[in-house]
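Okay, here's what each chain looks like letter by letter:
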Amino acid sequence: MVRNKHRREPSPDTVSDESDSPHKNKKSKRCVEADSDNTVLASTSQAARNRTRVENPTAGLSSDFGRCGKIISLRLKNFMCHSNLFIEFGPNINFLVGNNGSGKSAVITALALGLTSSARATSRASSIQKLIKNGETNACIELTISNYGLRPFKFDVYGPAITVVRHIRQSASTYELKNVNKVTVSKKLDDIRRMVLYFGINVENPIFVLNQEASREFLKDLEPAANYRLLMKGTQLDLCASSLTQCHEENEHLNFDLSLMKKKNDTLAKLYRTEEEKLIVVKNKETIKTQLQEANTMLAWLEASRVQEDLNKLEHTLKIIEKKNFELSQKTTQKESTQQMLTEQLKSYDTPKQQILERYQTQEEKLRAAKKTILDLQLKASSIRANIKNAERRLKEEETTYEGCQSRMKNYHSNYAEVKKRKEENAATLQALKATVAECKDQIEKLREEQHVLKNQIPAAKEQVESIMSEMGRLRNSTQSLKYEMESLSRNKSNSMSVYGEQAMKVASVLRAQYLRNENMMPRGPIGMYISVPNPKYRDLIENQLGFCLRSYIVNSDKDRLILRDLLQKSYPNGRIPTIVKSPFTSQVYNVSKNKVRTRTPNTTVIMDEIRCDDPVVMNYLIDVLRIETVLVTDSKDTAESLTSHTENVPPNLTRVLVPNLGLEYSPSPNYAMYSLRIGPARLIQVDVDDRLRQLQAEQLDIKERIERLQPKCGEAQERLTYYNREIQTKNRIINDHNTANANAVQKIMDIENFEYQELPVLELLETHMNNSVKQMEKCKQELEVYVKQLSQIDANKTQAQLEASKEQNTLDSINKKAAEIESESQELENKIRDLDRHNDENLRRLKQTNELLKCTLVNKKDLEKELEKARQKAQEEGDFIEANRSEEKIRDRINRFKIKIKQFESLNINVNEVEQQMAKYQNDLEKTTELYNSIYSVVDNLRISYHKRAQRFQRSRTHLFTMIQFQFQQALACRQFEGNLKPNHKEQTLEISVYPPSGNKTSNTRSLSGGERSFTTVSLLKGLWSTSDHPFYFLDEYDVFTDEVNRTFITKLLIQEGMDFKSRQYCFLTPQDTEVKANKFIRVHKLERPEH
């Protein structure tokens, strides 16, 4: 009974994060080995490099790498999917192009690890050992860095280039630091970190090295707090903030130590004073007793003084109460008589009030009549003054008219005929010039329209010429390639293996001879010979997917692998030998029913079902390497998107969906992505040699015909372009001539229109005007005389009326003053009468209270007098009067201290010498601690001032950098009419990013942007961040993964312009899409092919 074999899960270039140990099932383990001497070079658009340059990348180092820290080259051995990869970077702009799985991201990962980063920081693996290529035991990363520039690192030791080598083994990893001659200088990690720090390199900062995972998630789910942390890290302000925080904590710690030192100093001072008091007590015992007696006497007299002060205050209070009591008694006893007297005085004011009122009314009528008379006279005077001004104005106008007529009549007959003739000539000339200007404008407009049409046709003509020339060059190269292939096929026409080359036929013949007795164990290869595709519809697609392994060989054991490798090395002298894969030979195909994806939609099939392979060894290899049972093929783009874009729609075990008719490849959610596929015609699978020759001959003939058809078209396009340029220049010359003529005519028109002619009025009309003016002048003079007389009379009457009105006003004012005095006196009497009634009860109540208070105060006075007498007697017993200069509490405290000291002196046997020695010790310690405290306090104070200055400088720098980022961000967005804004909140440590596309869909959430808009926003934000921080190199992975062709082209041009603006920096942009960028002295394009496994 044969047991079913199950497919092994990880593919050869997949890193597993589940375990650090190798797979335990050794039977299912497959070894992929390439010749260690076979170096894979990334192809570039420049001329082919010679072998010397490959082996020594620093041999041609010049001033192109004019800055230290730029990456000159990178070599990877057995790292991730690469067996042996070498890339030589350009000093300015680099594009690293390769399809999915070609190992682009491995370059960025190796760059970070080579410059002392950790594997976890690259987001590719949990440990660096997991990045070793499957089947190998060790790996190596070799980075060559420029040391040629303004600040080289130990140039006398390393020279113009430094090579960093990191060896990765299963147990550990080690470093080497080599000079320009590849001689090892150091193996210490600290030396490499010192070099990285010296060059200012930071590979863990995402704005300098943005890997694949960070690029896809850059603006996908960032919250304001994460946005703020990103910009702080990108501008390296987070390091400044961390340093300031540490300084603040250290300052707090020093302040705490300083407070402890202060307490210690105070304790020493207190101990010193204690010993000093002991010494004083010992030396001056009688003095202390005298001071104690003085303190007791002072306390006794202080008590007597306090009682005396209380008695004085009480006597003062008693005088106030007695005065108040006397006033209240008078108010209550004389109430009736006072009220009657005030009422009689109030009645005596009634008669004068009535008389004054009658006089006031009479006088007010007289004043009103006088004011009315004055107002009427003012109105009449205003009217007469207006009439006078009108008459004077008319008189002045008539005089001016009369004088003008007189002056014009004198010069009437001078040049009348000459002026008339000049007017007729200018009118004729003006009409002719206007016709000329109109004609010139029509001609210019017509010529400009023709010129505009020609200019619009030039770009198309240029593009046509360039396109035809490029196509002809490409076709000639294709003709040469077809010729070589046809010659090879013609020599081996009878062998179906000839499509793989003569070397493959030679190897197959030798293998058949070696394994004649054991054909089952004979290596399988080339693998493409064992594979067929019954459905021609999918033959091209399947060859495209299996292209990297169709020429490979499969062996069963290490012994077979060594034999086959020797054979291949002999058969392929050029060194490009096929890949050898070790895989156990089985007689049954793996049972993949559990891991196979199920088709649920029409026109959809599994790629495994379209492949026919009778050899189980080859079929199992395809299952292991390509996981062909998990790949779907469909003809519908909508079907592919529905199966991959939403997680809930993804079938189990699905890894990819291919759409061959559209050239698209989809990866399922949660890592949803779309890539373009370039599917060429099948050249190896099921290809007949004769059919292939006929196909190549037809292609060669077709290419020749296309070249012949393109040659006349190219000539016609070039002639058309020359004709367009010549016509534009001719029309430019004609337009300039017309503009000159038009300007001259316009100037003449303006001169004629602005010409001033001498005015010649009619003689009779002038005489009529003069007679009328004389009559009007006489009339105006008569009116003025009448108006002046009337105004004089009115002014005299007005003056008289004003005098009378002033007199009446003075009389009325005296009446008002007297009435106000009487009213004030009567009002005062009324208030006094009301106060007597309203305050009588209150006065009685207050009188009773003051009597009681007076009695109590007298009793208290007697008690205080007795207490004062006792206090004085007690104080006299203690001693004579002593003025107290302290408070009672301090005196009592002093008495207690003296008593305690006397008791201590009596109870203790104090040695004077010991006390003096202790005092000297405390004094010495106190001086030292005081000096140390002052010194440390000065240092801490300087640190505090420096900290505040640096904090202020940090805040200004942060504001400046955020402003620069926002300005550059908005400038980049404006290139496509986008609007955006960055709103930082430094207190809450948040940053809100708002992006408004030109479509008008206002949004402040980057998650609602499309893939192309998100990629454009990412690049715009990176440009803003790049403007604030300088770095030797910038690596950006998959910046265009979500974009269409239009967005990709625009973003690529934006990045190239950034590189051209900052030629002192090195840029490397990684993309899975084909690029149309052309290489030049500033741009280098590297194309990675899928590594052979």
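Our structure is the block above this text.
Residues numbered from 1 in each chain as written. Predicted model: local features only at pLDDT ≥ 70, side-chain atom pairs only at ≥ 80, totals over all residues. Heavy atoms only, no water.

Participant: Is there a simple way to think about the packing of helix H12 (residues 502-514) against helix H14 (residues 558-571) in this case?
Facilitator: The angle between the axes and the distance between the axes are what describe a pair of packed helices. In contact at an axis separation of 10 Å, H12 and H14 are set at 145° when each is read in the N-to-C sense. The hand of the H12/H14 crossing is right-handed. Residues Gln-503, Lys-506, Val-507, Val-510, Leu-511 and Gln-514 of H12 lie in contact with H14, whose contacting residues are Ile-563, Leu-564, Leu-567, Leu-568 and Ser-571. In the contact of H12 with H14, the residues fall into 7 nonpolar, 3 polar and 1 charged. (Axes fitted to C-alpha atoms, helices over the stretch in contact; angles between N-to-C directions. Helix = DSSP H or I, 4+ residues; strand = E, 2+ residues; numbered from the N terminus. Left-handed = near helix turned anticlockwise from the far one by under 90°. Contact = heavy atoms within 4.5 Å. Nonpolar A, V, L, I, M, F, W, Y, C, P; charged D, E, K, R; others polar.)

Participant: Looking at this model, I keep getting lost on a positive patch on the surface. Mind explaining?
Facilitator: Together, Lys-949, Arg-950, Arg-953 and Arg-956 give the surface a local cluster of positive charge. The residue Arg-950 is located in helix H20 (residues 912-974) in this model. (Patch = residues over 30% accessible without salt bridge, like charges linked within 9 Å, V, L, I, M, F, W, Y side chains within 5 Å. Areas by Shrake-Rupley, 256 points an atom, 1.4 Å probe, with all protein chains shown as cover. Salt bridge = Lys/Arg side-chain N within 4 Å of Asp/Glu carboxyl O. Lys, Arg positive; Asp, Glu negative; His and termini not counted. Charge placed at Lys NZ, Arg CZ, Asp CG, Glu CD.)

Participant: Explain the nonpolar core here, please?
Facilitator: A general feature of soluble globular proteins is that nonpolar side chains tend to end up buried together. Among the nonpolar cores identified, the biggest contains 88 residues, and Phe-79, Phe-95, Met-195 and Phe-1035 are the most heavily contacted of them. Setting aside anything within four residues of it in sequence, one finds Phe-79 in contact with Ala-106, Thr-109, Ala-110, Leu-113, Leu-131, Lys-133, Ala-139, Ile-141 and Ile-168. In terms of nonpolar packing, the next biggest core, distinct from the first, is built from 75 residues, Val-507, Val-555, Val-592 and Val-606 among them. (Core = buried A, V, L, I, M, F, W, Y, C linked by side-chain atoms within 4.5 Å. Buried < 20%, exposed > 50% of the residue type's maximum accessible area, 1.4 Å probe, protein only.)

Participant: Is there a simple way to think about the pattern of salt bridges in this case?
Facilitator: It is possible for side chains bearing opposite charge to pair when their charged atoms get close. This structure, assessed with the given rule, holds 24 salt bridges. Across the pair Arg-67 and Asp-1030 runs a salt bridge whose closest N-O atoms are separated by 2.9 Å. Of this pair, Arg-67 sits in the loop between helix H1 (51-55) and strand E4 (71-79) while Asp-1030 sits in the loop between helix H21 (1011-1026) and strand E21 (1033-1037), and the two are 963 residues apart along the sequence. Owing to a relative accessible area of 18%, Arg-67 belongs among the buried residues under this scheme. Exposure remark for Asp-1030: the relative accessible area of 45% places this residue in the partly exposed category. Each of Glu-471, Arg-474, Asp-702 and Arg-706 takes part in one network of salt bridges that share partners.

Participant: Please clarify how the pairing of E21 should be interpreted in this entry.
Facilitator: Walk down a regular strand and you will see the side chains alternate between the two sheet faces. With 5 of its 5 residues buried, E21 lies for the most part within the structure. Side-chain alternation along E21 places Phe-1033, Phe-1035 and Asp-1037 on one buried face and Tyr-1034 and Leu-1036 on a second face that is also buried. As paired strands, strand E11 (residues 209-210) and E21 are joined by 2 bridges and run parallel to one another. Bridge assignment links Val-209 to a residue of E21, and that residue is Phe-1035. (Pairing = 2+ DSSP bridges.)

Participant: In this structure, what is going on with the environment of Ile-321? I would like to understand it.
Facilitator: Mapped onto the elements, Ile-321 comes out in helix H8 (residues 285-333). Taking relative accessible area as the criterion, Ile-321 reaches 8% and is therefore assigned buried. Setting aside chain neighbours within four positions, we find Ile-321 in contact with Thr-850, Leu-853, Leu-854 and Thr-857.

Participant: In this structure, what is going on with the environment of Leu-791? I would like to understand it.
Facilitator: Relative to the elements of secondary structure, Leu-791 occurs in helix H18 (residues 763-878). Its relative accessible area of 14% is what places Leu-791 among the buried residues. Residues within four places of Leu-791 in sequence aside, it is in contact with Ala-381, Ile-384, Arg-385 and Ile-388.

Participant: Whenever I open this one, a negative patch on the surface confuses me. Can you help?
Facilitator: A surface patch of like charges, here negative, comprises Glu-439, Asp-442, Glu-445 and Glu-449. Tracing the sequence through the fold places Asp-442 in helix H11 (residues 416-491). For Asp-442, a relative accessible area of 54% translates into the label exposed.

Participant: Looking at this structure, I do not really get the packing of H21 against helix H22 (residues 1045-1061). What am I missing?
Facilitator: Where H21 meets H22, the closest approach of the two axes is 10 Å, and the angle between their N-to-C directions is 10°. Taken together, the axes of H21 and H22 are roughly parallel relative to one another. In this structure, H21 uses Gly-1012, Ser-1015, Phe-1016, Val-1019, Lys-1023 and Trp-1026 to contact H22, whose residues at the interface are Asn-1047, Phe-1050, Ile-1051, Leu-1054, Leu-1055 and Glu-1058. Residues belonging to the contact of H21 with H22 are distributed by class as follows: 7 nonpolar, 3 polar and 2 charged. (Parallel < 35°, antiparallel > 145°, perpendicular 65-115°, else oblique.)

Participant: Could you clarify how one ought to interpret helix H4 (residues 189-199) in this entry?
Facilitator: One full turn of an α-helix is made of 3.6 residues, so residues set three or four places apart face in the same direction. When we look at burial in H4, the residues that qualify are Asp-191, Ile-192, Met-195, Val-196 and Phe-199. Looking straight down H4, one finds that the buried residues subtend no more than 135° of arc, so they occupy a single side. Buried residues along H4 sit against strand E7 (138-146), strand E8 (161-169), strand E9 (173-178) and strand E10 (184-186). (Arc of directions from axis to C-beta.)

Participant: I'm lost on the packing of aromatic side chains in this one. Help?
Facilitator: With the rule as written, the count across this model stands at 18 aromatic pairs. Ring plane angle 80° and centroid distance 5.8 Å describe the contact between Phe-89 and Phe-1035, whose orientation is recorded as edge-to-face. Within this pair, whereas Phe-89 is found in the loop between strand E5 (82-88) and strand E6 (93-98), its partner Phe-1035 is found in strand E21, the two being separated by 946 residues in sequence. Like Phe-89, the residue Phe-1035 is buried in the burial classification. Ring centres of Phe-208 and Tyr-1034 lie 5.6 Å apart, and the angle between their planes is 70°; on these two criteria the pair is classed as edge-to-face. Residue Phe-208 is located in the loop between H4 and E11, and its partner Tyr-1034 is located in strand E21; the two are separated by 826 residues in the primary sequence. Among the aromatic residues, those joined into a cluster by ring pairs are Phe-95, Phe-208, Trp-1026, Tyr-1034, Tyr-1067 and Phe-1069. Positioned above the aromatic ring of Phe-1050, the side-chain terminus of Arg-976 is 5.5 Å from the ring centre. Arg-1065 extends its terminal NZ or CZ atom over the ring of Phe-1062, reaching a point 4.4 Å from the ring centre. (Phe/Tyr/Trp six-rings, centres within 6.5 Å; stacked < 30°, edge-to-face > 60°. Lys NZ or Arg CZ within 6 Å of the ring centre and 35° of its normal.)

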